[in-house]
Amino acid sequence: MATTVIQAFNEFLKDIVNLDSDISKTARSSRDWLLGQISKFDEKDNTFPKLYSDINIHFGSFARKTKIRELDDIDLMIGLTGQGSTYTEYTDKIEINVADDAKDLLNLCHDYTNKLNSKKVINKFVSACSNVPQYSNADIKRNQEAATLQLSSYTWNFDIVPCFMTTTNIYGVSYYLIPDGNGHWKKTDPRIDKERTSRINQTHDGNVLQVIRVMKYWNRRPTMPTMSSYLLETMILNYYEAKTTTASQYVDIELPDVIAYIHNNIMYDVNDPKNIQGNINKLTYDEKTKIKNKAYSDYYKAIDARQLEKDKDMKGSINKWREIFGDSFPKYE
């Protein structure tokens, strides 16, 4: 229940959208304990690939603080030492060529080759996690690019992604190499995403993350096709990177223009800000059209809600926001 729009949004963000602070604290503690266990894998098993913890990195929306309820996954990239290995880049994959003296890696190659098999590397993590006594009752499996660890005591799972770091090229750029889901490898660099999110948010006085989170809730509602969380986040950051005035601390003031930006741009390509994947807008024409139409409708509802608030009609404004965000948005008291 709320008597003002500000109060309604504050309750909505606190109780429905944002992660519970106690859960986030528990999750970080659990994550750090897991990292401590992983750091011992190569000590306990001399056939386990040699770890390179200096390049470990937290990635994904939990790390960028753009995750919304309920917390369902925490992403970790765990560094491995290349031991003199090299890589060959093709249009559709990267092959890691294992050096002759890297015995722990040679054991994980595709049969009768020195090409490192990313599925075998992931399975090595699955096996090692299974040997941790505290994880004996956990569901642990290989899932595309990661070893997924689901503990019965938590609602979230950990996605553990093995990675290597390339040497710096002539342009001063290095990349992470991670599994591609098909037994080979691909480039990524979550450092760029983390830096970009933080930089743009700071430029706007720390007001962008809250907008991203509330728009993720909007995106999740079953009123239109759902775009990927990363696509939505990238589009919103694109909007704020180009915006010359500082974002308001009040989310409702920002939403009409952000929704309009989605409407105006969802039909077009959206370039990967890391300049690795190219266009990340993989939605079908039909999906794009439905999102475009929903954004068009909600833009005008948001405009109406803002005007009703200016006219001191708090009940009317709150009810209009409820049309956009559904019954979980607080009612007028």
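Residues numbered from 1 in each chain as written. Predicted model: local features only at pLDDT ≥ 70, side-chain atom pairs only at ≥ 80, totals over all residues. Heavy atoms only, no water.

Colleague: Which residues make up the packing of helix α1 (residues 5-17) against helix α8 (residues 208-220), and what values do they have?
Modeller: It is at 11 Å that the axes of α1 and α8 come closest, and there the two elements cross at 65 degrees. Accordingly, the angle class assigned to the pair α1 and α8 is roughly perpendicular. Our pair here, α1 against α8, has a crossing hand that is left-handed. Residues Phe12, Leu13, Ile16 and Val17 of α1 form the contact with α8, whose own contacting residues are Gln210, Arg213, Val214 and Tyr217. Looking at the contact of α1 with α8 residue by residue, the classes come out as six nonpolar, one polar and one charged. (Axes fitted to C-alpha atoms, helices over the stretch in contact; angles between N-to-C directions. Helix = DSSP H or I, 4+ residues; strand = E, 2+ residues; numbered from the N terminus. Parallel < 35°, antiparallel > 145°, perpendicular 65-115°, else oblique. Left-handed = near helix turned anticlockwise from the far one by under 90°. Contact = heavy atoms within 4.5 Å. Nonpolar A, V, L, I, M, F, W, Y, C, P; charged D, E, K, R; others polar.)

Colleague: Residue-level account of α8, with values.
Modeller: Over its 13 residues, α8 extends 19 Å from the first C-alpha to the last, a length consistent with the 18 Å expected when each residue adds 1.5 Å. For α8, a buried count of eleven out of 13 residues is recorded, marking the element as mostly surrounded by other parts of the structure. Taken together, the buried positions of α8 are occupied by Val208, Leu209, Val211, Ile212, Arg213, Val214, Met215, Lys216, Tyr217, Trp218 and Asn219. (Expected span 1.5 Å × (residues − 1). Buried < 20%, exposed > 50% of the residue type's maximum accessible area, 1.4 Å probe, protein only.)

Colleague: Can you break down the side chain of Ser24 residue by residue, with the values?
Modeller: Relative to the elements of secondary structure, Ser24 occurs in helix α2 (residues 21-38). Classification of Ser24 as buried rests on a relative accessible area of 9%. Dropping the residues within four chain positions of it, Ser24 is found in contact with Leu19 and Phe62.

Colleague: Residues and numbers for the packing of aromatic side chains, please.
Modeller: A complete count under the given rule lists 18 aromatic pairs for this structure. Each ring, one from Trp33 and one from Tyr135, has its centre 5.8 Å from the other, and the planes form 80 degrees; the classification is edge-to-face. One end of the pair, Trp33, is in helix α2; the other, Tyr135, is in the loop between α6 (118-130) and β5 (139-143), and 102 residues separate them in sequence. For Trp33, a relative accessible area of 36% puts it in the partly exposed group. Within the aromatic cluster, the residues linked to one another by ring pairs are Phe9, Phe12, Tyr217, Trp321, Phe325 and Phe329. Residue placement shows Lys93 over the ring face of Tyr90; its charged tip is 5.7 Å from the ring centre. (Phe/Tyr/Trp six-rings, centres within 6.5 Å; stacked < 30°, edge-to-face > 60°. Lys NZ or Arg CZ within 6 Å of the ring centre and 35° of its normal.)

Colleague: Account for the pattern of salt bridges, with residues named and values stated.
Modeller: What the rule picks out here adds up to 26 salt bridges. For Glu233, the salt bridge identified is with Arg64, shortest N-O distance 2.7 Å. Separated by 169 residues along the polypeptide, Glu233 in helix α9 (residues 229-242) and Arg64 in helix α4 (residues 60-64) bring together distant segments of the chain. Under the relative-accessibility criterion, Glu233 is labelled buried at 2%. As a salt-bridge pair, Glu89 and Lys187 come within 3.0 Å of each other at their nearest N and O atoms. Here the residue Glu89 occupies a position in strand β3 (residues 86-89), and Lys187 occupies one in strand β9 (residues 185-188), the gap between them amounting to 98 residues. Under the relative-accessibility criterion, Glu89 is labelled partly exposed at 46%. The structure contains a network of salt bridges with shared partners spanning Glu195, Arg196, Arg199 and Glu241. (Salt bridge = Lys/Arg side-chain N within 4 Å of Asp/Glu carboxyl O.)

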